Amino acid sequence: MKIKKAIIPAAGYGTRFLPVTKAVPKELLPIVDKPMIQYIVEEAKLSGIELVILIVNHGKEAIEDHFDINYELEDTLRKKGSNGLLGLIEGLSDMIKIVSIRQKKALGLGHAVLQAKHLIGDEPFAVILGDDIIDAQRPCLQQMVEVYERYQKPIIAVQQVAREDISRYGIIKGTQADDRVYLLDDVVEKPSPETAPSDLAIIGRYILTPEIFDILENIPTGAGGEIQLTDGLKVLLKHNGMIGYRFEGERYDGGDKLGFLLANIAYAMKRPEIKDKLVDYLKGYTR
Ligand code: G1P
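**Looking at the pattern of salt bridges**
One pass over the full model with this rule turns up 25 salt bridges. Note that Lys-79 and Asp-75 form a salt bridge whose closest N and O atoms lie 2.8 Å from each other. With Lys-79 and Asp-75 both in helix α3 (residues 71-80) and four residues apart, this pair spans about one turn of that helix. Members of the salt-bridge network, linked through shared partners, are Arg-138, Glu-146, Arg-180 and Glu-248.

Encoded structure:
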């Protein structure tokens, strides 16, 4: 069955980016001049997704505005003949169908995903986490859709991480079945490096089957008193099997200050009008 729907959780407080996130949703922080969430929605679109389900909380209305028409601004730019600028915003409102659902209690990623149950129905779907920006020739989710078509099992994106970073991620246990493909036996949320089953971390792209909803409804709260998606995956993989897919591409942790700055530099380097001056500045930078 084709993957047509993607859930994008966007209901966090973004505390790691305070004070900016006091009034500005973290998802709208820019990488160069585009909000982080736009990269994610564009990836969804390029991967064949037709409906994006945003899980939001109070104060995230500006995300909805970003993907809506701003008639006044568009009209002003049109009258001024600023076609280049108009082109940057014009397509945003009809790029893809977007709906949003409020998560009324901050009970974790598993709980956030559960909020979309009634909109998913009986079909496989994607979950994309907005913090994980993946720069790839073939969009990461598209790569995963192809793997899903081959294996017809839930797929999670994985990446090798340094030992000192293991405790920040969900970590997989599995055996390699093919180039980039692992058959999973278990997943563990944020283990210590000593007890971790591998150094392959779950990155924020998932293709899941609807059985996950019943599982999430019935699992006890996990780490931090939250309903953890990874705890749900643990049960789902015992029922259906699950694939870990080591994607092609460069991933930036947009939820972390350094990762966010590196993403900005990497994407700025792709802009001919910025690149040379940025390189000169960095070369000349002395502490
Ligand atoms: C979440 C998941 C974790 C995953 C990570 C990827 O953690 O719970 O399994 O490895 O995203 O970014 P969070 O970053 O929300 O703490």
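After that view of the structure, there is still more to cover.
**Notes on the packing of aromatic side chains**
Summed over the entire model, instances satisfying the criterion amount to five aromatic pairs. Ring centres of Tyr-39 and Tyr-267 lie 4.9 Å apart, and the angle between their planes is 70°; this geometry places the pair in the edge-to-face category. Taken together, the positions of Tyr-39 in helix α1 (residues 36-46) and Tyr-267 in helix α10 (residues 257-268) put the pair 228 residues apart, joining distant regions of the chain. Grouping residues by exposure puts Tyr-39 and Tyr-267 together as buried. Above the face of the Tyr-39 ring, Lys-34 is positioned so that its terminal group lies 4.7 Å from the ring centre. Lying across the ring of Tyr-267, Lys-270 places its NZ or CZ 5.3 Å from the centre.

**As for the environment of Pro-193**
Relative to the helices and strands, Pro-193 is located in the loop between β10 (181-189) and β11 (200-208). Residue class for Pro-193 comes out partly exposed when judged on its relative accessible area of 23%. Measuring from C-alpha to C-alpha, the distance between Pro-193 and Gly-241 comes to 25 Å, with 48 residues separating the pair along the chain.

**Regarding the site of the ligand**
Close contacts around the ligand come from Leu-129, Asp-132, Tyr-169, Gly-170, Glu-189, Lys-190, Ile-202 and Thr-230, and that covers them all. At a separation of 2.7 Å, an oxygen atom of the ligand approaches a polar side-chain atom of Glu-189. Relative to its free-state accessible area of 380 Å², the ligand is covered by the protein chains to the extent of 77%.

**Some details on α3**
Along α3, the residues that are buried comprise Glu-74, Asp-75 and Leu-77. Along the axis of α3, the buried residues cluster in a sector spanning 165°; they form a single face. Of the exposed residues in α3, those oriented more than 90 degrees away from the buried face are Glu-72, Lys-79 and Lys-80. Buried residues along α3 sit against α4 (83-90). The positive-phi residue at the C-terminal boundary of α3 is Gly-81, with phi of around 75°.

Conventions used here
Residues numbered from 1 in each chain as written. Predicted model: local features only at pLDDT ≥ 70, side-chain atom pairs only at ≥ 80, totals over all residues. Heavy atoms only, no water. Salt bridge = Lys/Arg side-chain N within 4 Å of Asp/Glu carboxyl O. Helix = DSSP H or I, 4+ residues; strand = E, 2+ residues; numbered from the N terminus. Phe/Tyr/Trp six-rings, centres within 6.5 Å; stacked < 30°, edge-to-face > 60°. Buried < 20%, exposed > 50% of the residue type's maximum accessible area, 1.4 Å probe, protein only. Lys NZ or Arg CZ within 6 Å of the ring centre and 35° of its normal. Near = heavy atom within 4 Å. Polar contact = N/O pair within 3.5 Å; in protein donor to acceptor, adjacent residues only side chain to side chain. Areas by Shrake-Rupley, 256 points an atom, 1.4 Å probe, with all protein chains shown as cover. Arc of directions from axis to C-beta. Contact = heavy atoms within 4.5 Å.

Keep in mind that these numbers describe shape and distance, not what the molecule does.
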